[in-house]
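# Examining the three-dimensional arrangement
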Amino acid sequence: MMTMAPAAPLILLLSGVLAGVNGAFDFGLSTKCVSIPKELGMCHNVGYTEMRLPNLMGQTSLADAVSKSAEWHKMLQTGCHPYARTFLCSLFAPVCMDTFIQPCRSMCEAVRDSCAPVLACHDQSWPEILDCDRFPAGDDMCLDTLSKEYQYTYKEMPKPSCQGCPLIEMSYSYKSVLNAFCDNDFAVKVTLSKTRFTTGFPEYVTEGPVEFIQRGLLLPYDTHNMLEQWLRINENCAHRMVRHPRPMVYIIVGDIQHGRVVINRVFQWQKRDSQLTLAIRKWRHHKC
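Before going into details, it helps to say that this report is about the structure given with it. Treat the numbers as computed from the prediction; the structure is a model and nothing was measured.

Bringing the state of the cysteines into the picture now. Here is the idea: a disulfide is a covalent bond, and it sits between the sulfur atoms of two cysteines. Scanning all chains against the criterion turns up eight disulfides. Here C104 engages in a disulfide with C142; their sulfurs sit 1.9 Å apart. Its torsion about the S-S bond being 90 degrees, the disulfide of C104 and C142 is classed as right-handed. Note that C104 is positioned in the loop between helix 3 (84-92) and helix 4 (105-121) and C142 in the loop between helix 4 and helix 5 (148-156), a separation of 38 residues in sequence. The class of C104 is buried, set by a relative accessible area of 0%. C142 sits in the buried class, given a relative accessible area of 0%. Between the sulfur atoms of C108 and its disulfide mate C132 the distance is 2.1 Å.

See below:
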């Protein structure tokens, strides 16, 4: 069985993306090896540099493969599963070997189980054409899933989830902020901004370091990335929080529920408002 190291983390609406895929791909079809083009950016640094055409998505030209793969950019950016990029690239840009190497069914199931809820957040469902039953069960050579040790580590890391947007609070007292700190697992101060990549999609990012007021179960080395993934998954919430070109500063308060990060309160930082500053200062000695 063939394995690969985890690829970097998957969204866009998927309507029509997979319309050309044939579940019974003809593996006897004459193919050729070509270099993975720079435009197929999601499949760079995956452990190989040449791909086969036609690919396992039924595309016969590089232009078509590049066009269709771009439509998965937003899903990849949410980081819904560390193997999502490897899974997609094994279909869009299969490694150039003597035979096609498909993803194992277990890989498909792992990616589906983590990424389908993200698709549902954007009113999409896991495409029928990617029914995991169409992939080999693992008896034949195929791309295997993560190691058990890595799966455990990944499972234990707090992950952002799809949720309803919390109210952005602009008027509050320091006492209500302290109550929010008491009622939740974590509280952080963060600066959010919006930029636009060459794909044309807006990207919501955190600027500078994340300031921990209450860390709770958050992992210090992963919180910056986790918050950006939350913004990508809950893009409608991110749009409300970053309404202007200028950066916005917030105190974000939330819980870790069954390994899922849920943001419950969002306080907008007002430069001339001393209530948040007072709440943070009093929190050091506050007893809930």
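A separate point is the side chain of Q59. Structurally, the position occupied by Q59 is in the loop between strand 2 (50-53) and helix 1 (62-70). Residue Q59 is classed as buried on the basis of its relative accessible area of 5%. A polar atom in the side chain of Q59 sits 2.8 Å from the side chain of N55. When residues no more than four places from it in sequence are discounted, the contact partners of Q59 are L53, P54, D64, A65, K68 and F92.

Moving on, we come to the side chain of T223. Along the polypeptide, T223 turns up in helix 7 (residues 223-233). Judged by relative accessible area, which is 2%, T223 ranks as buried. Not counting chain neighbours up to four residues away, the residues in contact with T223 comprise V210, F212 and L218.

What the rule picks out here adds up to five salt bridges. Among the salt bridges present, the one from R112 reaches D113, with a minimum N-O distance of 3.1 Å. Between E169 and R265 there is a salt bridge whose closest N-O contact spans 2.5 Å. A residue pair is termed long-range when its members are at least 10 positions apart, and E169 in strand 4 (residues 168-169) and R265 in strand 8 (residues 260-268) qualify at 96 residues. Classification of E169 as buried rests on a relative accessible area of 13%.

Right, let's talk about the nonpolar core for a bit. Membership of the largest hydrophobic core comes to 39 residues, with the highest contact counts inside it found for F87, V111 and W126. Elements with a contribution of two residues or more to this core: strand 2, helix 2 (73-77), helix 3 and helix 4. Once you skip the residues sitting within four places of it in the chain, V111 turns out to touch H81, Y83, A84, F87, A116 and W126.

This part is about the pairing of strand 7 (residues 248-257). The buried fraction of strand 7 amounts to eight of the ten residues, a majority that puts the element mostly inside the structure. Two strands pair when backbone bridges link them, and strand 7 and strand 8 are joined in this way by eight bridges, in the antiparallel orientation. Residue pairing in the sheet places I252 in a bridge with V266 of strand 8.

Restricting attention to buried positions, one finds in helix 9 (residues 275-283) the residues L276, L278, A279, I280 and W283. Each element contacted by the buried residues of helix 9 is listed here: helix 6 (174-183), strand 6 (202-214), strand 7 and strand 8.

Closest axis-to-axis distance for the helix 6/helix 9 pair is 8 Å, and the angle between their directions is 50 degrees. Classified by the angle their axes make, helix 6 and helix 9 are oblique. The element helix 6 and its partner helix 9 pack so that their crossing is right-handed. Counted together, Y174, V177, L178, F181 and C182 of helix 6 and Q275, L276, L278, A279, K282 and W283 of helix 9 form the full contact between these two elements. Classifying every residue of the contact of helix 6 with helix 9 by side-chain character gives nine nonpolar, one polar and one charged.

The next thing to look at is the environment of N179. As for its placement among the helices and strands, N179 is situated in helix 6. Residue N179 is classed as partly exposed on the basis of its relative accessible area, which comes to 46%. Between the C-alpha atom of N179 and that of A279, which follows or precedes it by 100 residues, the distance is 9.6 Å.

The next point concerns the environment of D183. For D183, the position within the fold is in helix 6. Distance in space between the C-alpha atoms of D183 and C288 is 8.6 Å, their sequence separation being 105 residues.

On the surface, a cluster of positive charge is made up of K175, R281, K282 and R284. Mapped onto the secondary structure, K282 falls in helix 9.

What counts and how
- Residues numbered from 1 in each chain as written.
- Predicted model: local features only at pLDDT ≥ 70, side-chain atom pairs only at ≥ 80, totals over all residues.
- Heavy atoms only, no water.
- Disulfide = S-S within 2.5 Å.
- Helix = DSSP H or I, 4+ residues; strand = E, 2+ residues; numbered from the N terminus.
- Buried < 20%, exposed > 50% of the residue type's maximum accessible area, 1.4 Å probe, protein only.
- Polar contact = N/O pair within 3.5 Å; in protein donor to acceptor, adjacent residues only side chain to side chain.
- Contact = heavy atoms within 4.5 Å.
- Salt bridge = Lys/Arg side-chain N within 4 Å of Asp/Glu carboxyl O.
- Core = buried A, V, L, I, M, F, W, Y, C linked by side-chain atoms within 4.5 Å.
- Pairing = 2+ DSSP bridges.
- Axes fitted to C-alpha atoms, helices over the stretch in contact; angles between N-to-C directions.
- Parallel < 35°, antiparallel > 145°, perpendicular 65-115°, else oblique.
- Left-handed = near helix turned anticlockwise from the far one by under 90°.
- Nonpolar A, V, L, I, M, F, W, Y, C, P; charged D, E, K, R; others polar.
- Patch = residues over 30% accessible without salt bridge, like charges linked within 9 Å, V, L, I, M, F, W, Y side chains within 5 Å.
- Areas by Shrake-Rupley, 256 points an atom, 1.4 Å probe, with all protein chains shown as cover.
- Lys, Arg positive; Asp, Glu negative; His and termini not counted.
- Charge placed at Lys NZ, Arg CZ, Asp CG, Glu CD.

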